[in-house]
Amino acid sequence: MSTVLSFVIVIGILILVHEFGHFFVARWTGVGVERFSIGFGPVLLRWRSKETEYCLSAIPMGGYVKMVGEESPLEGGGSAAFDPDKAFALKPLWARFLIVFAGPGMNFVLAAIIFSIILATVGRPVWPAVVGRVTPDGPAAAELKADDVVTAIDGQPVAFWEDLDRAVASSQGHPLKLTVTRGTDKREVQITPRRTTVRDQIFKEQREIWDLGAGPKLMPQIGAVNSDSPAERAGLRTGDAVETVAGQQVFTPEELMQAIQKRGGQTFEVGVQREGKPVTLRVTATTVKEKSPTGEDLEIGRIGVGIVTKVVRYETYNPIMAAGYGVVKTWDMTILTAKGLWKLVTLELPLSNLGGPIQIAAEGERQRREGLGSLALFTAVISVNLAVLNLLPVPMLDGGHLLFFVIEAVLGRPVSLRKREAAQQLGLVLLLLLMVFAIYNDLVRIDAFKIFR
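For clarity, every value in this text was computed on a predicted model and none was experimentally measured. (Residues numbered from 1 in each chain as written. Predicted model: local features only at pLDDT ≥ 70, side-chain atom pairs only at ≥ 80, totals over all residues. Heavy atoms only, no water.)

Turning our attention to the side chain of Ser229. Structurally, the position occupied by Ser229 is in the loop between β12 (220-225) and α4 (230-234). Owing to a relative accessible area of 5%, Ser229 belongs among the buried residues under this scheme. (Helix = DSSP H or I, 4+ residues; strand = E, 2+ residues; numbered from the N terminus. Buried < 20%, exposed > 50% of the residue type's maximum accessible area, 1.4 Å probe, protein only.)

Below is the structure:
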């Protein structure tokens, strides 16, 4: 029930904000609104104002704003039984464009507001400049060790690891003088960053960065334990901070994940800190088949846990800076979403990465368990995804209508009603196929087809 409730709340907020965008700009430009509906299908609740009927419908998979005179009677798309001053189709092109764009536009605004509020109230997670893994043949190998604390770079104080990252990234390969504390000793060392090729964590694309050959010490923490999983049977608990796997120290969530993945079918010890005390547990990883982001078949180990980074502290922004960073974060998420969609279209990413409502519901419930802040951030991310998807130039979506408006601006006349209807029918078929495929992927992920075996 809680999973369904989380899904309905998240999707309901996104639909309400999206449709309110259409509604508000329609009223602002003088267009009459006959119906404002959250959801499709049978109407559960309805109430009426002087002009508009407001509805809550049974299927929470979308909504709509029905405007007066959506099709011009001159094209055979409606009757003349309405006030021409309030007809959508008779409004100037700029007004119609704004009305349609306002839906996804409000989803962008919602995401920016959520990011801003979180940054101003909770803050962003930050970690001290404590050294974790040191690459044996890297530039820092002779100068740094695990647990060293970097307190200054070229005389400038360092508060967090991100300060060190920025200094290295902007060094352009010039030597850096680091002030380092090791235990009770304090010393200065000089290290020259080198150009290194790495893969990003999302799309596994190669890029070049300046690197010291040393990473941060980010304590991996168990964020969730699946029911009846190897982790649960071994005694792992949510909140355990993982220090070692099979006797080897792990410094980041990525290292912990990789250590588990390469031990499919094996039994090994996991050392954790629990309520300030060291605990050692023995866990047996299962082996599962999975496709890599590039489509390769892999066999990897799983123990049934969600892995997060243990947050040492949060750093808040003042409201003005938070608002600015909220907009930047929304823009970054928009670019990331558009890039992911392009990679799916060009098959650089396998279509098995495509998720549907079941995956959204499951992830929403997981975020809810981690706290209201996590659920709010998840809502912001989905809001950006919804906005970008709606702006795709596909008939039936807002982006399809915007494309017709662009064509109208170029030609000096609207696309004929017959052509628009044909395009919308094609768009509907494509969207239905996409939805069916996404739900199929969701069912495959949870192995729902096992009931037929």
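Continuing now.
Moving on to a nonpolar patch on the surface. On the surface, a cluster of nonpolar side chains totalling about 520 Å² of accessible area is made up of Phe97, Phe101, Leu403, Val406, Val410 and Leu411. Of all the secondary-structure elements, those providing two or more residues to the nonpolar patch are α2 (93-121) and α9 (398-411). Mapped onto the fold, Val406 is located in helix α9. (Patch = residues over 30% accessible without salt bridge, like charges linked within 9 Å, V, L, I, M, F, W, Y side chains within 5 Å. Areas by Shrake-Rupley, 256 points an atom, 1.4 Å probe, with all protein chains shown as cover. Salt bridge = Lys/Arg side-chain N within 4 Å of Asp/Glu carboxyl O.)

On to the packing of α2 against α9, then. Helix packing for two helices is described by the angle between their axes and how far apart those axes are. For the pair α2 and α9, interaxial distance at closest approach is 9 Å and the crossing angle is 160°. With respect to α9, the axis of α2 lies roughly antiparallel. Of the two elements, α2 crosses α9, and the hand of that crossing is left-handed. Residue-level contacts link Leu93, Arg96, Phe97, Val100, Phe101 and Pro104 of α2 to Asp398, His401, Leu402, Phe405, Val406, Glu408 and Ala409 of α9. Taken together, the residues of the contact of α2 with α9 sort by class into nine nonpolar, one polar and three charged. (Axes fitted to C-alpha atoms, helices over the stretch in contact; angles between N-to-C directions. Parallel < 35°, antiparallel > 145°, perpendicular 65-115°, else oblique. Left-handed = near helix turned anticlockwise from the far one by under 90°. Contact = heavy atoms within 4.5 Å. Nonpolar A, V, L, I, M, F, W, Y, C, P; charged D, E, K, R; others polar.)

This part takes up the packing of aromatic side chains. What the rule picks out here adds up to eight aromatic pairs. Judged by centre distance (6.4 Å) and plane angle (35°), the rings of Phe20 and Phe23 are tilted. Of this pair, Phe20 and Phe23 both sit in helix α1 (residues 2-28), three residues apart, roughly one helical turn. According to the relative accessible area criterion, Phe20 is partly exposed, its value standing at 38%. Seen from the ring of Phe268, Arg263 lies directly overhead, with NZ or CZ sitting 6.0 Å from the centre. (Phe/Tyr/Trp six-rings, centres within 6.5 Å; stacked < 30°, edge-to-face > 60°. Lys NZ or Arg CZ within 6 Å of the ring centre and 35° of its normal.)

Once that is clear, we can look at the confidence of the model for the chain. Looking at the chain, the pLDDT average stands at 86 and 93% of residues meet or exceed 70. Least confident of the elements in the chain is helix α7 (residues 357-370), whose mean pLDDT is 75; most confident is α2, at 95. Long-range and interchain partners of residues 449-453, a stretch whose pLDDT sits below 50, account for four contacts in this model, where long-range means more than four residues apart. (pLDDT = per-residue confidence, 0-100.)

To continue, consider the sheet that holds strand β7 (residues 176-182). Across the sheet, which stays open at both edges, the four strands sit in the order β6-β5-β7-β8 with antiparallel pairing between neighbours. If you trace the sheet from one side to the other, it starts and ends with β6 (156-157) and β8 (185-191), each paired once. Examined bridge by bridge, β7 and β8 share seven bridges and lie antiparallel to one another. Bridge pairing in β8 links Arg182 to Asp185. (Pairing = 2+ DSSP bridges.)

Here the focus is the environment of Glu70. Summarising the element assignment, Glu70 is placed in the loop between β2 (53-67) and α2. Separated by 37 residues in sequence, Glu70 and Val33 place their C-alpha atoms 10.0 Å apart. Apart from residues lying up to four places away in sequence, Glu70 is in contact with Val65, Phe88 and Ala89.

Tracing the sequence through the fold places Asp148 in the loop between β4 (131-134) and β5 (149-153). Those residues in contact with Asp148 that sit more than four places away from it in its chain are Ala129, Val130, Val131, Glu143, Val180, Thr181, Arg182 and Arg187.

Between the first and last C-alpha of α7 there are 20 Å, a value that for 14 residues agrees with the 20 Å anticipated at 1.5 Å per step. Taken together, the buried positions of α7 are occupied by Pro357, Ala361, Gly364, Glu365 and Gln367. Projected down its long axis, α7 shows its buried positions confined to an angular sector of 165°, all on one face. With its phi angle positive at about 130°, Gly371 sits one or two positions after the end of α7. (Expected span 1.5 Å × (residues − 1). Arc of directions from axis to C-beta.)

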